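Secondary and tertiary structure notes
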Amino acid sequence: MSDFGPATGVGSLPGTDAREAAKTATGSFEDFPFLPELPARGPGADMIGRTAGLLVELYARVEPSGWRIGDRPGRDTRRARSWLGEDLDALEEFTQDYAGPLKVQAVGPWTLAAALELRNGESALSDPGACRDLAASLAEGLRLHLAEMQRRVPGARLVLQLDEPSLTDVLRGHVKTASGYRTHRAVDRQVVESTLRDVFGVHADGPVVVHSCAPDVPFALLRRAGAAAVSFDFSLLTERDDDVLGEAVEAGTRLFAGVVPGTDTALSDPAGSVMGVRTLWRRLGLRPGLLAESVTITPACGLAGASPAYAREALAHCVRAARSLADNPE
């Protein structure tokens, strides 16, 4: 049995109705559903607030500048947890007797450190000790969250996706300070890698996917840290990425290729959507037969900014595009 299905969503969907979202995520992907996120509900349903609600013994609240770490759980933490509870209830309802891979998303430690503020208003990224505490708190929160998902969907083989859109900026020293005039120092690559490895370790029983829809995803670093798969916006790849991609595939890393646009547009035929993936395969000199077992098709990024009708169409399109890839790998 594969750890992954041929197609899935990235995470966010439009709208505010948890049952509608769960129905879409499970109905679109019968063999690789995901727990949807609905940021349109407001603070606490956004990606940072939702993950801040998972933290253990660390709490965050909304300030005008963003999410800030505080002393005790307040209204914002309660709201984030309550919405997550609603989402889990809805998913459980639509996954009765489901057996197979099921994906759950949270923000990874470095994007979280770049986004959460300390009491002085600076990003947690400015303080190595705060980064360590945050990663440890996140790891424990993820462990509890995965156990709760497993309890609700006993037949699921859980896939943990960590969203790290800020990772490249963290590695390059491009994350701005509170004033906006300077940037935080680049974090040492070995520190980044070992922190990721520790957080990935909470899901020792199953695979971890790292998602980033930013350019220059550090594929080799993620592979060394233990990511089983990397999820990315396919349109941002350049030929510079060829060597690391080829090495990753040959080492067994799965590619979650984001080929379907995340906002409303006219979609080409499914075969056209995966033409670039076939071209990449030929360029890398990889066996066509490897394609279906190495690639999962997804939207390019979350669908929170799309219309509900387009979001449903985009997810259905991912399934058809994956089928086209499996049927005609050449």
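Above: the structure in question.
Let us look at the structure shown here. Everything numeric here is computed off the predicted structure, so don't read it as measured data.

Now for the overall build of the protein. A count of helices and strands for the protein gives 13 helices and eight strands. On C-alpha atoms alone, the protein measures out to a radius of gyration of 19 Å, which is about the 20 Å that the 2.2 N^0.38 rule sets for 330 residues. Seen through its C-alpha atoms, the protein measures out along the principal axes to roughly 55 × 45 × 35 Å. Across the 330 residues in the protein, those meeting the buried criterion constitute 56%. Long-range contacts, defined here as pairs at least 24 residues apart, represent 73% of the contacts in the protein between residues at least 6 apart. Of the roughly 14,200 Å² that the protein leaves accessible, carbon and sulfur atoms contribute 49%. Averaging the locations of the 35 positively and 44 negatively charged side chains of the protein gives two centres separated by 3 Å.

With that settled, consider the environment of A311. With respect to the helices, strands and loops of the structure, A311 is situated in helix α13 (residues 308-327). Using a relative accessible area of 3% as the deciding quantity, one classes A311 as buried. Once the C-alpha coordinates of A311 and L146 are considered, the two residues, 165 residues apart in sequence, prove to be 26 Å apart. Contacts of A311, omitting those with residues within four sequence positions, involve L13, P14, L303 and A306.

It is worth spelling out helix α3 (residues 75-94) at this point. In this model α3 runs 29 Å from its N-terminal to its C-terminal C-alpha over 20 residues, within 8% of the 28 Å that 1.5 Å per residue would give. When α3 is considered as a whole, its buried residues turn out to be D76, T77, A80, W83, L84, D87, L88, A90 and L91. All buried residues of α3 lie within an arc of 165° about the axis, which places them on one face of the element. Away from its buried face, by an angle of more than 90 degrees, α3 presents the exposed residues R75 and R78. The secondary structure elements touched by the buried residues of α3 are α1 (18-28), α2 (47-52), β1 (59-63), β2 (66-70), β3 (100-107) and α5 (128-152).

Definitions and limits used
- Residues numbered from 1 in each chain as written.
- Predicted model: local features only at pLDDT ≥ 70, side-chain atom pairs only at ≥ 80, totals over all residues.
- Heavy atoms only, no water.
- Helix = DSSP H or I, 4+ residues; strand = E, 2+ residues; numbered from the N terminus.
- Rg over C-alpha atoms; globule rule 2.2 N^0.38 Å.
- Buried < 20%, exposed > 50% of the residue type's maximum accessible area, 1.4 Å probe, protein only.
- Contact = heavy atoms within 4.5 Å.
- Areas by Shrake-Rupley, 256 points an atom, 1.4 Å probe, with all protein chains shown as cover.
- Lys, Arg positive; Asp, Glu negative; His and termini not counted.
- Charge placed at Lys NZ, Arg CZ, Asp CG, Glu CD.
- Expected span 1.5 Å × (residues − 1).
- Arc of directions from axis to C-beta.

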